[in-house]
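Fold and geometry: a report
One-letter residues, chain by chain:
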Amino acid sequence: GDSVTQMEGPVTLSEEAFLTINCTYTATGYPSLFWYVQYPGEGLQLLLKATKADDKGSNKGFEATYRKETTSFHLEKGSVQVSDSAVYFCALRSNDYKLSFGAGTTVTVRA
Amino acid sequence: DTAVSQTPKYLVTQMGNDKSIKCEQNLGHDTMYWYKQDSKKFLKIMFSYNNKELIINETVPNRFSPKSPDKAHLNLHINSLELGDSAVYFCASSWGNEQFFGPGTRLTVL
């Protein structure tokens, strides 16, 4: 079945550091790929998405590129802020309705 | 203004009780979902309804019963609550690729 593997956390960084969260997937067909973010005490919000190979999703300074050859969708941000502290989830959708999530990576940014 | 809302936000109850969580979306979406998030933040889909019809039913105990009175509402009823049911439950709705999540209901079973 479809699955998503993302790097384990927690990840602790200083402000303005570079952030990378690795995500790889296993799926049949051509899935759409997503990064969701969950701020403390809140529900999940879509951060960015990519629907086909070589697409780059970007939002709020975060970027991720859909790499079919490596089945990856790594999340990056060049300079993190304290407000980026959250749990980040990689997800894929390969049929009309079901999202498969990775285990989540907790990121803490210190001032 | 709220897109996907859930009530209650917190629910504390005793083992063996029956409880319900309500979800409403005002986005006009046809598809709604229930997810369970455990203490390690792992998120797993439980159910999905499309236009009031059940389309996803993962391996969930039959103590959990979703009900969709109309396409804007998807409620979750849980019978005979157990300690292991303690979690945060998220409702979501979708149109096309994107899912919109509610704020979650934190269920604590004592």
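Described in the following lines is the structure provided in the data block.

All names here are of chain A. Topologically, Lys77 is positioned in strand β9 (residues 75–77). A polar side-chain atom of Lys77 sits 2.8 Å from a polar atom in the side chain of Asp84. If we ignore the near neighbours within four places in the chain, the residues touching Lys77 are Ala17, Phe18, Leu19, Lys60, Gly61, Phe62 and Asp84.

A word on the environment of Ala111 of chain A. All names here are of chain A. Within the secondary structure layout, Ala111 lies in the segment after β12 (105–110). Along the backbone, Ala111 and Phe18 are 93 residues apart, and their C-alpha atoms lie at a distance of 14 Å. The contact partners of Ala111, leaving out residues within four places of it in the chain, are Glu15 and Val82.

What follows covers the sheet that holds strand β8 (residues 62–65) of chain A. Residue and element names in this part refer to chain A. Sheet architecture is open: four strands sit in the order β3-β9-β8-β7, paired in antiparallel fashion. Edge positions in the open sheet fall to β3 (19–21) and β7 (56–59), since each of these has one partner strand only. If you compare each strand with its neighbour and ignore which way they point, the axes differ by 15° on average. In the sheet, β7 pairs with β8 via four bridges, with the strands oriented antiparallel. Within β8, the residue paired with Ser58 across the bridge is Glu63.

Glancing now at the state of the cysteines. Considering all chains together, one arrives at two disulfides over all chains under this definition. Residue Cys23 of chain A pairs covalently with Cys90 of chain A via a disulfide, S to S 1.9 Å. Between Cys23 of chain A and Cys90 of chain A, the S-S torsion sits near -70°, and that sign places the bridge as left-handed. Separated by 67 residues along the polypeptide, Cys23 of chain A in strand β4 (residues 23–26) and Cys90 of chain A in strand β10 (residues 86–93) bring together distant segments of the chain. One exposure class covers both Cys23 of chain A and Cys90 of chain A, and it is buried. Two residues share a disulfide in this structure: Cys23 of chain B and Cys91 of chain B, whose sulfurs sit 1.8 Å from each other. Linking Cys23 of chain B and Cys91 of chain B, the disulfide has an S-S dihedral of approximately -75° and is accordingly described as left-handed. One end of the pair, Cys23 of chain B, is in strand β3 (residues 19–25); the other, Cys91 of chain B, is in strand β9 (residues 87–95), with 68 residues separating them in the sequence. We classify Cys23 of chain B as buried; its relative accessible area is 1%. You can call Cys91 of chain B buried: its relative accessible area is 0%.

The rules behind these values
Residues numbered from 1 in each chain as written. Chains lettered and ligands numbered in written order. Predicted model: local features only at pLDDT ≥ 70, side-chain atom pairs only at ≥ 80, totals over all residues. Heavy atoms only, no water. Helix = DSSP H or I, 4+ residues; strand = E, 2+ residues; numbered from the N terminus. Polar contact = N/O pair within 3.5 Å; in protein donor to acceptor, adjacent residues only side chain to side chain. Contact = heavy atoms within 4.5 Å. Pairing = 2+ DSSP bridges. Axes fitted to C-alpha atoms, helices over the stretch in contact; angles between N-to-C directions. Disulfide = S-S within 2.5 Å. Buried < 20%, exposed > 50% of the residue type's maximum accessible area, 1.4 Å probe, protein only.

The values reported here are purely geometric and, on their own, carry no functional implication.
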